[in-house]
Every structure is written in structure tokens, then in C-alpha cells.
Amino acid sequence: MKNLSLIVLSLLAVVVGAADIPLGNPDFKINSKGVMPYWVFTSKDPAAGTVDMEMLPNGKGAVKISSHSAKNFLGIIQHVSLNKFPQVKPGEKLKITLSYKQKNEDVERGGFVNMTGYGSKGRWLDKDSARTSGSFDWKDCSFVQVIDGVPAEAKGFFISLYLGKTTGTVWFSEPKIDIEVVK
């Protein structure tokens, strides 16, 4: 019991604040106008590939991104409001975790996520996860970045779910962003 108490106290000392940042349309639903609200496609060229929504047996939606041409960089992007990001104090940092489920089919050199922050002085964050090529069934994935905090000149933050400029099909489901203030 004493060891468990020490572990809990240690965790509380390291994590000083957390925020769950809700995403718009995390089930990738397409409206009657054929638009996937909150998400922007990286390519409007129909020859580049397709982006569709699929319902999964668990009742969740998934985005399916496919290409046979590797002609353009395929993916979807969502702007995330900076209003929900916690402020940091001296000695603290922000730990941003993008968790999601991913499935691949015959993907070459692709299948990844990205976090980008930009401001009046340029990008303050622009990181890709590792590319997960090949074929595999659904698996839980996460991509973590630790930053000093959101700069004062910050104007936006985006998450991107990519097939990339490659061939194959990638599915993403249940994207979620968690942000923790850590020492």
C-alpha cells in the first residue's frame, strides 16, 4: 500500500494539469453536401486518390484514404483551437498526445500523423510520427510531442492524418488529443 501511495504522489508531482481537447467530427461523418465537417482534404485532385468515411462494427467512424498513383500528398487536416491549451509556468512544459487507431493495406512509405503549430514568426511545431508502411489490422497508436509551451505569437495548431505521397490505403479512427502540463 505504501508503494502505491508513493507512485500516486510521484505522478501528481510530475503532471500538474491536463486538458482533453475535443476534436470536431472525430467519427469523420460526411454531411448531405458531401463534406466532412471540420476536416480539410490536402488534395482536391480526384486522380490523386480518395478520402471516404466508413462505419466500423464498433459503431465508430473511420476515415479511409487510398491512392494508386502516389501523385499527390493525401490526407486530412483539422484546426485545433489554441484557447483550450493550458498555460505553462517556468519549469513546466506541455506534453501533447495524439492517440488514434490505424489500419493499413499495402501502404508504401506512408501512413502517419503530424502536429503543426504556426504563428507570426513561422512554425513553432512541425513534427511527423514514424511512417507505418505495409499491411496490418487495427492497432492503437499515439504520437507524443513535448514543447516549452505555446508561443505568444501563436496563431494556430493543426493535426493531420496522412497516407502521404504514396500508394495503398490507410484508415484512421477515434482520434483524440490530450495535453498535460508537466514539470
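Parameters and conventions
- Residues numbered from 1 in each chain as written.
- Predicted model: local features only at pLDDT ≥ 70, side-chain atom pairs only at ≥ 80, totals over all residues.
- Heavy atoms only, no water.
- Helix = DSSP H or I, 4+ residues; strand = E, 2+ residues; numbered from the N terminus.
- Buried < 20%, exposed > 50% of the residue type's maximum accessible area, 1.4 Å probe, protein only.
- Contact = heavy atoms within 4.5 Å.
- Areas by Shrake-Rupley, 256 points an atom, 1.4 Å probe, with all protein chains shown as cover.
- Lys, Arg positive; Asp, Glu negative; His and termini not counted.
- Salt bridge = Lys/Arg side-chain N within 4 Å of Asp/Glu carboxyl O.
- Polar contact = N/O pair within 3.5 Å; in protein donor to acceptor, adjacent residues only side chain to side chain.
- Phe/Tyr/Trp six-rings, centres within 6.5 Å; stacked < 30°, edge-to-face > 60°.
- Lys NZ or Arg CZ within 6 Å of the ring centre and 35° of its normal.

Caption draft 1: Representation of the overall build of the protein chain within the structure. Secondary structure assignment for the protein chain yields one helix and eleven strands. Counting helices and strands in the order they occur from the N terminus, the protein chain gives α-β-β-β-β-β-β-β-β-β-β-β. In terms of principal-axis extent, the alpha carbons of the protein chain reach across some 55 × 45 × 35 Å. Residues counted as buried form 40% of the 183 residues belonging to the protein chain. Partitioning the intrachain contacts of the protein chain with sequence separation of at least 6 by distance along the chain shows that 77% fall at a separation of at least 24. Carbon and sulfur atoms form 54% of the exposed surface of the protein chain, whose accessible area is close to 10,000 Å².

Caption draft 2: Representation of unusual backbone geometry. If you check the backbone angles, Asn25 has positive phi at about 55° while not being a glycine. Among the secondary structure elements, Asn25 is positioned in the loop between strand 1 (15–21) and strand 2 (40–41). Overall, the relative accessible area of 15% leaves Asn25 in the buried class. A positive phi is found at Tyr38, a non-glycine position, where the angle reads about 75°. Here Tyr38 lies in the loop between strand 1 and strand 2. Note on Tyr38: relative accessible area 60%, which makes it exposed.

Caption draft 3: Quick look at the environment of Glu105. For Glu105, the position within the fold is in strand 6 (residues 93–107). What makes Glu105 partly exposed here is its relative accessible area of 42%. Measuring from C-alpha to C-alpha, the distance between Glu105 and Phe136 comes to 6.6 Å, with 31 residues separating the pair along the chain.

Caption draft 4: Focus on the side chain of Glu92. Relative to the elements of secondary structure, Glu92 occurs in the loop between strand 5 (74–80) and strand 6. The charged side chain of Glu92 is buried without a salt bridge, its nearest counter-charge being Lys183 at 4.4 Å. Polar contacts involving the side chain of Glu92 include one to the main-chain amide nitrogen of Lys89, which spans 2.8 Å.

Caption draft 5: Inspection of the packing of aromatic side chains at higher detail. Considering all chains together, one arrives at eight aromatic pairs under this definition. Residues Phe73 and Tyr162 carry aromatic rings whose centres are separated by 4.9 Å and whose planes lie at 75° to one another, so their mutual orientation is edge-to-face. Taken together, the residues span a long stretch of sequence, with Phe73 in the loop between strand 4 (61–67) and strand 5 and Tyr162 in strand 10 (residues 154–164) at a distance of 89 residues. Between Phe85 and Phe157, the aromatic rings sit 5.1 Å apart at their centres with planes inclined by 65°, giving edge-to-face as the arrangement. Of this pair, Phe85 sits in the loop between strand 5 and strand 6 while Phe157 sits in strand 10, placing them 72 residues apart in sequence. Looking at Phe157, the relative accessible area reads 0%, which means it is buried. Through successive ring pairs, a cluster of aromatic residues spans Phe73, Phe112 and Tyr162. Lys103 extends its terminal NZ or CZ atom over the ring of Trp171, reaching a point 4.6 Å from the ring centre.

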